[in-house]
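Structural overview for review
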Amino acid sequence: MHRSHRRTRTPGRTRARTGAAVRTGIAGPAGAPARYPTTGRPRTPVRARLRVRGAAAVCAVVLASALGAGPGPGSGSAAPSPAAGSIRWGDCPEKPVADGMTCGSVTVPLDHDDPAKGTIRVALARIPATAPGRHPLGSLLLNFGGPGGRGTTSLAADTATFAKLGERYDLVTFDPRGVGLSEPVSCGGSQEVGDRVPADAASQLAALRAVARRCALHSGPVLPYVGTVQVARDLEVIRRALGERKLNYLGFSYGTRLGAVYAALFPRRTGRMVLDGVDTLGEPLAEQALASARGRQRALERFLTWCAHRQTCVYGTNTRTAKERVDDLVARLDRDPLIGDDGSWFTGQDAVDAIATALYAQAAWPALADALALAERRHDPVGLMQLGGPTGPVPDAGDGPATVPADNAEAALTAVNCADDPDRSEDRAAPAAIEREIRDLEPEFRAVSEVFGPGQLGTVLACYGRPAGTDFIRRIDHPGAPRMLLVGTRGDPATPYEWTEETARRLGSAVIVDHKGDGHTGYGTSACVRGYADAFLTEGRLPHGTRACPAGE
């Protein structure tokens, strides 16, 4: 199927990925989670499911390693320090590449707390500064989001956004461990439990454990060590290999979590750091899921307000009734799915995924308005299907020296988030008790959002049965890092603005840019945000107190 429009690429959009829309028999309400893919039983036969995608993809948490989550920082033996400038830069194994881009790798311990367990290689890419003049700034490390997002391909696809920074900085990025060309993890093609699993709670929960075992089988030894704490310690190895005295860093979405963890681990090695689309550091899964549903609902209502000012808006000028009509559309399509031109069924939850995709960038709002009108007036789902895109297998990396499994992004997203989450005691409870607990939560999630709440509720079981992850991230509290810049967008559907304020309090050394606009992250769409970030990264100029960037500026 051909797309009717081209979606705008926005840094950081990986954080909000939704996995293939699947259901568990114990989750109560139907719906695919908005921040985390889940496993479960397909609710309806669908030949071409939709998956929320962004530039690199979009949003975060499900199954971790059956072998256990990576340990937090401990007192283990220190990893050997690489020599400054020890990276051998050469041709990149994948095409296309940006002008001047070269690739390399660094060797890091599999387990930073126990280097005797062996090593892995982390893939890097670099674009040298285009106009360093007499004031070169060294290297700026970028992470575009995830977990599961590839830095090497993201930088290759979008250099124009960072052109000003690239004048004086060498732009450097990487595929985090477990991702892309850095020992990619896999679940053997799918994290779904299959439609033959009985719908009772005990069977569904057992199936979740079976999926985790399959992930461990296909991923190899790196899977227990893909958590953010281990990745942050990889950043320190990269910093030393680049020969930089301090790490200058620009992170989007999940990349903000990674940057915050690095600053907590290595406050004296933290240089100029900008975090855009700020992730939470401490909320349990249920609270994260509820906040995400609330953030997406808020973004939807902002879209409907925008739509109400268009003469062609299918929902008219009354935003209250418009919200009710979107609720009705989702419920109606779940009862009576539409049929796409390829013969696939298109359900209400597919519509939720498509709507969520469009909310990530305001540039996609006109296409969303047109797609909703087509679905409402002509009962044709093609516009919404084009927004979400089919969920066929992701193509392999190509003819390079390593092949990236088709499900790598989903498998890595799952493993990292579960490795970062210490709250997983639910598997000790009886299935009936878990089922009751989930159903008791349903009214609260539906009260937040009839559209997004049911799917987000399913993420409460995202890491069911997996060994508890590190509690280091949750314990971050004023680590003594230098002042840094945090960007929060008021209409962000993936990382609610309140997370920016929360993380700023936790770090204790952050200045906030309050972006009044819409979409996920602000750097790529707001000249005002970009101005503050670039001034800090290139000149070291950082304002005191919160600064505001109006919408559209």
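Computed from a predicted model, the values in this text were never measured in an experiment.

Scoring rules and cut-offs
Residues numbered from 1 in each chain as written. Predicted model: local features only at pLDDT ≥ 70, side-chain atom pairs only at ≥ 80, totals over all residues. Heavy atoms only, no water. Salt bridge = Lys/Arg side-chain N within 4 Å of Asp/Glu carboxyl O. Helix = DSSP H or I, 4+ residues; strand = E, 2+ residues; numbered from the N terminus. Buried < 20%, exposed > 50% of the residue type's maximum accessible area, 1.4 Å probe, protein only. Phe/Tyr/Trp six-rings, centres within 6.5 Å; stacked < 30°, edge-to-face > 60°. Lys NZ or Arg CZ within 6 Å of the ring centre and 35° of its normal. Contact = heavy atoms within 4.5 Å.

**Some details on the pattern of salt bridges**
In the structure shown here, the tally under the stated rule is 23 salt bridges. Across the pair Arg 439 and Glu 435 runs a salt bridge whose closest N-O atoms are separated by 3.3 Å. You can see Arg 439 and its partner Glu 435 sitting in helix α12 (residues 431-448), four residues apart, about one turn around the helix. Given a relative accessible area of 25%, Glu 435 falls into the partly exposed group. Of the charged contacts in the structure, one is a salt bridge between Glu 442 and Arg 446, with a shortest N-O distance of 2.8 Å.

**Comments concerning the packing of aromatic side chains**
Scanning all chains against the criterion turns up nine aromatic pairs. Seen from their ring centres, Phe 144 and Phe 162 are 5.7 Å apart, and the 70° between their planes marks the pair as edge-to-face. Taken as a pair, Phe 144 in the loop between β3 (139-143) and α1 (151-157) and Phe 162 in the loop between α1 and α2 (165-168) lie far apart in primary sequence, 18 residues in all. Grouping residues by exposure puts Phe 144 and Phe 162 together as buried. Three or more aromatic residues link up through ring pairs in this structure, and these residues are Phe 144, Phe 162, Phe 252 and Tyr 523. Over the ring of Tyr 497 we find Arg 490, and its NZ or CZ is 3.8 Å from the ring centre.

**Observations regarding the side chain of Thr 489**
Turning to its location among the elements, Thr 489 is positioned in strand β9 (residues 484-491). Among residues more than four places away in sequence, those in contact with Thr 489 are Tyr 497, His 515, Gly 517, Asp 518, Gly 519, Thr 521 and Gly 522.

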